[in-house]
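Here is how the chains run, residue by residue.
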Amino acid sequence: MDKFIIKGGNPLKGTIPISGSKNAALPLMAASLLGDSTSIIKNVPRLKDIYTFNNVIRVVGAQVDFKDDENTLTIDPSNVNHLEAPYDLVRKMRASFYMLGALVGKHGYAKVSLPGGCAWGPRPVDLHLKGMEAMGIDISLEKGYVIAKAEDKIEGGSFKLEPSSVGATVNLLLASVLKAKKFIIKNAAKEPDVVQLCNFLVKMGANIDGIGTDALTIKAVNNLSGIEVSNDPDRIELGTFMIAGAMFPGSELTLTGCNPEQLGNFPDKLRKTGTSVDINGTTINVKAPDVLKPVSIKTEIYPGFPTDLQAQWATMMTQAEGASKVTDTVYFDRFSYVPELVRLGADMDVEKNTVSISGKTPLTGASVMSTDLRASVSLVLAALVAENTSEVLRIYHLDRGYESLEEKLTAVGANIKRVEED
């Protein structure tokens, strides 16, 4: 296992290119299995979750070629013949559960292990399964596996997602585009990842109405063709680096290859802290204020404040002059990073789904442990502004979601090294 050793106190100055989005790429990878021919996806990040999902797709018989030096992924689904996704792969990441919709949607049968992934929850898959049952797919559970069966064409119907869910929206889209005569997903997720998937499927030949709204109407087509597309940039990586550029006086970052429209209300929130945020096309310039103002936030479904940025925001607020609160209305127990930040000197208190932060507190280097993907990067941000040296342990979480994190940060002045844990 690797860890980061970080010597804090350096302002960050320079340019960081934004990588392709993992969360946007994974549904496209699953959707490529619906085609009758090869699909090529560009701007795919080199991340552990991508390599894991490549292996899941290979298991079912597809040919996968990832030219990681070019960030280009080629998937040929023509030899898919093993309609199972096994536990030892699916347990490593929840997105592998997309195989359920992809396989039953294309082949009428799927046997997929119940998923794993980040330890915090609850994130049950009943919405996925109930939605498929509402569509007319036969669902049964057997020894930790979900078995889905469907006739060549099924009637469809409608299903309301309560609450709205990106994962369930994705799986229902994958299952319905070739199977359901007419299926309506109500309260569908509107996140950029879902919009990109819908556009990908339509380009393949699918019939989907209401893209970008919370009501998606799908009418089955007889076949889909492989296509070539470029994956969206990672809006969560972008938001993370915008926060990194705001936390320490004297920092100024230029972020390239962005899609600012996908940030929702995040830039406006960041400006309220006194941070300069200048958006010019696909480039964003962020300049830290001399004095960071406290700004409380509440996470919401898109286009509200993303739950995947709340840990980073709370970390930044430890450096703001005054009190603030961060409330997560999407996931109630996503605060495992707080005790670790307290070890560094933060003054934070969690009650239910809200963390109260008293700033500004000087942070001092210590040894801290990652617990999940976004918590991990928040500890890195804290270590970058802390005095002396910090160790961030269990950084394998980071390798699931941030491409070349230490190289990108080192290039703009951070003192960060990856070493093996003792």
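Parameters and conventions
Residues numbered from 1 in each chain as written. Predicted model: local features only at pLDDT ≥ 70, side-chain atom pairs only at ≥ 80, totals over all residues. Heavy atoms only, no water. Axes fitted to C-alpha atoms, helices over the stretch in contact; angles between N-to-C directions. Helix = DSSP H or I, 4+ residues; strand = E, 2+ residues; numbered from the N terminus. Parallel < 35°, antiparallel > 145°, perpendicular 65-115°, else oblique. Left-handed = near helix turned anticlockwise from the far one by under 90°. Contact = heavy atoms within 4.5 Å. Nonpolar A, V, L, I, M, F, W, Y, C, P; charged D, E, K, R; others polar. Buried < 20%, exposed > 50% of the residue type's maximum accessible area, 1.4 Å probe, protein only. Pairing = 2+ DSSP bridges.

**Q** Can you walk me through the packing of helix H10 (residues 310-317) against helix H12 (residues 373-385) in this structure?
**A** The axes of two packed helices give the description: the angle between them and the distance between them. For the pair H10 and H12, the least separation of the axes is 8 Å and the interaxial angle reads 25°. Overall, the two elements H10 and H12 adopt an arrangement that is roughly parallel. Where H10 crosses over H12, the two elements pack in a sense that is right-handed. Two secondary-structure elements touch here, H10 through Ala-311, Gln-312 and Thr-315 and H12 through Arg-374, Ala-375, Val-377, Ser-378, Leu-381 and Ala-382. Along the lines of polarity and charge, the residues of the contact of H10 with H12 split into five nonpolar, three polar and one charged.

**Q** Hey, could you run me through the environment of Gly-9 in this one?
**A** Summarising the element assignment, Gly-9 is placed in the loop between strand S1 (2-7) and strand S2 (13-17). A relative accessible area of 32% means that Gly-9 is categorised as partly exposed. In sequence terms Gly-9 and Val-195 are 186 residues apart; their C-alpha atoms lie 40 Å from each other.

**Q** How should the pairing of strand S3 (residues 39-42) be read in this particular structure?
**A** A regular strand carries its side chains on alternate faces of the sheet. Taking every second residue as pointing to the same face, the buried face of S3 carries Ser-39 and Ile-41, while none of Ile-40 and Lys-42 on the other face is buried. Pairing of S3 with strand S5 (residues 72-76) involves three bridges; the strand directions are antiparallel. Note on S5: the bridge partner recorded for Ile-40 is Thr-74. Bridging between S3 and strand S14 (residues 228-230) involves three bridges; their strand directions are parallel. The partner of Ile-41 across the bridge, within S14, is Val-229.

**Q** Just to check I follow, could you spell out the sheet that holds S2 for this structure?
**A** In a beta sheet, neighbouring strands are held together by backbone hydrogen bonds and run either parallel or antiparallel to one another. Strand order across the open sheet formed by four strands is S2-S15-S17-S16, with mixed pairing between neighbours. Every interior strand has two partners, whereas the edge strands, S2 and strand S16 (276-280), have only one. With strand direction ignored, the average angle separating the axes of adjacent strands in the sheet is 15°. With four bridges joining them, strand S15 (residues 252-256) and strand S17 (residues 283-287) adopt antiparallel strand pairing. Its bridge partner being in S17, Leu-255 is matched across the sheet by Ile-284.

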